[in-house]
Amino acid sequence: MIGVGTPGRAVAATGQATERPQRNLVPIYWGVVFGVVTAAAPLAFWWLTPTTVQAMTIALIAAVYIGFAVSDGRPRVIAAEVSVASLFVILAAVAVTGSPWLLVAAYVGHGLKDLWQERHQFVANTRWWPPFCVAVDWLAAAILSGMILGGVNFHR
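Description of the structure in this document. (Residues numbered from 1 in each chain as written. Predicted model: local features only at pLDDT ≥ 70, side-chain atom pairs only at ≥ 80, totals over all residues. Heavy atoms only, no water.)

Some words on the pattern of salt bridges
Where we set the bar: The term salt bridge refers to a side-chain nitrogen of Lys or Arg lying within 4 Å of a carboxyl oxygen of Asp or Glu. Buried means the residue's accessible area, taken with a 1.4 Å probe over protein chains only, is under 20% of the maximum for its type, while exposed means over 50%, and partly exposed covers the values in between. Here a helix means four or more residues in a row that DSSP labels H or I, a strand means two or more in a row labelled E, and each is numbered from the N terminus.
Overall, the coordinates contain two salt bridges when judged by the stated rule. Between Asp 72 and Arg 74 there is a salt bridge, with its nearest N and O atoms 2.7 Å apart. Looking at Asp 72, the relative accessible area reads 16%, which means it is buried. For Arg 74, a relative accessible area of 35% corresponds to the partly exposed category. Between Glu 81 and Lys 113 there is a salt bridge whose closest N-O contact spans 3.0 Å. Placement of Glu 81 in helix α3 (residues 75-97) and of Lys 113 in helix α4 (residues 101-120) is noted, with a sequence separation of 32 residues between them. Both residues of the pair, Glu 81 and Lys 113, belong to the buried class.

Have a look at this one:
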């Protein structure tokens, strides 16, 4: 039986405190804010098509991990993150003239990559970043999906 203890700790029936991981929700909350901003980004760049703005955004989001990898310093990590970011850049480039569903796939795929990163901590010192980015990616994907299903023309 577990009772109430201090934040991040549980109290077992024996009265001894046991460690319990406490998830920090602040990065997720900020991720929701930035997810909305990400989905709305084409409004700020009205002279570009929404697919172009979203493609540039996906490329930028994917490239952030290159900076984290360089900070980490391990050549294997840098090579892996450059490779993954390059795949997202290619997918984003195809999405500029292709189906806007490719944008949704890129955001969902990057969110999955972030979940993997959170679990494995492949890149050092990014503890807060993956939950933030999953929230950004998946909320943007959900909003874009709704827009596509609602008939928004991403190629105007």
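After that view of the structure, there is still more to cover.
Some words on the side chain of His 110
Defined as follows: Should any heavy atoms of two residues lie within 4.5 Å, those residues are considered in contact.
For His 110, the position within the fold is in helix α4. The residues contacting His 110, other than those within four sequence positions of it, are Ile 61, Ala 62, Tyr 65, Phe 88, Cys 133 and Asp 137.

Digging into helix α5 (residues 129-149)
To keep it simple, the criterion reads: A helix's residues, less one, multiplied by 1.5 Å, set its expected span.
If you check α5, its first and last C-alpha atoms are 30 Å apart, about what 21 residues at 1.5 Å a residue would give, namely 30 Å. With its phi angle positive at about 95°, Gly 151 sits one or two positions after the end of α5.

Topic: the packing of aromatic side chains
Heads up, the condition is: Two aromatic rings from Phe, Tyr or Trp, using only the six-membered ring of Trp, form a pair when their centres are within 6.5 Å; if the ring planes differ by under 30 degrees the pair is stacked, by over 60 it is edge-to-face, and anything between is tilted.
Using the criterion set out here, one finds ten aromatic pairs in the structure. Aromatic pair Trp 30 and Phe 34: ring centres 6.5 Å apart, planes at 50°, arrangement tilted. Here Phe 34 and Trp 30 lie together in helix α1 (residues 26-44), a separation of four residues that amounts to about one turn. The exposure class of Trp 30 is partly exposed, given its relative accessible area of 48%. Taking 5.6 Å as the distance between ring centres and 50° as the angle between the ring planes, the aromatic pair formed by Trp 116 and Phe 122 counts as tilted.

Re the packing of helix α2 (residues 50-72) against α3
The criterion, for reference: Angles run from 0 to 180 degrees between N-to-C directions of axes, and those axes are lines fitted to C-alpha atoms, restricted for helices to the stretch in contact. Roughly parallel here means an angle under 35 degrees, roughly antiparallel means over 145, roughly perpendicular means 65 to 115, and every remaining angle is called oblique. Gly falls in the polar group here, along with every residue not listed as nonpolar (Ala, Val, Leu, Ile, Met, Phe, Trp, Tyr, Cys, Pro) or charged (Asp, Glu, Lys, Arg).
It is the contact of α2 with α3, at a shortest axis distance of 9 Å, that shows an interaxial angle of 175°. In this view, α2 runs roughly antiparallel relative to α3, as classed from their interaxial angle. Along its contact with α2, which presents Thr 51, Thr 52, Ala 55, Ile 58, Ala 59, Ala 62, Ala 63, Tyr 65, Ile 66, Ala 69, Val 70 and Asp 72, the element α3 presents Val 77, Ile 78, Glu 81, Val 82, Ala 85, Phe 88, Val 89, Ala 92, Ala 95 and Val 96. Residues of the contact of α2 with α3, tallied by class, amount to 18 nonpolar, two polar and two charged.

Side note on the side chain of Asp 137
The test is simple: Lys and Arg are tallied as positive, Asp and Glu as negative. Neither His nor the chain termini are counted. Throughout this description, a polar contact denotes any pair of N or O atoms lying within 3.5 Å of each other; where both atoms belong to protein, one of them has to be capable of donating a hydrogen while the other can accept it, and for residues adjacent in sequence the pair is counted only when both atoms sit in side chains.
Topologically, Asp 137 is positioned in helix α5. Although Asp 137 lies buried, it forms no salt bridge, and the closest oppositely charged side chain, Lys 113, sits 9.1 Å away as judged by the N-O distance. There is a polar contact of 2.6 Å between the side chain of Asp 137 and the side chain of His 110. Contacts of Asp 137, omitting those with residues within four sequence positions, involve Ile 61, Tyr 107, His 110, Gly 111 and Asp 114.

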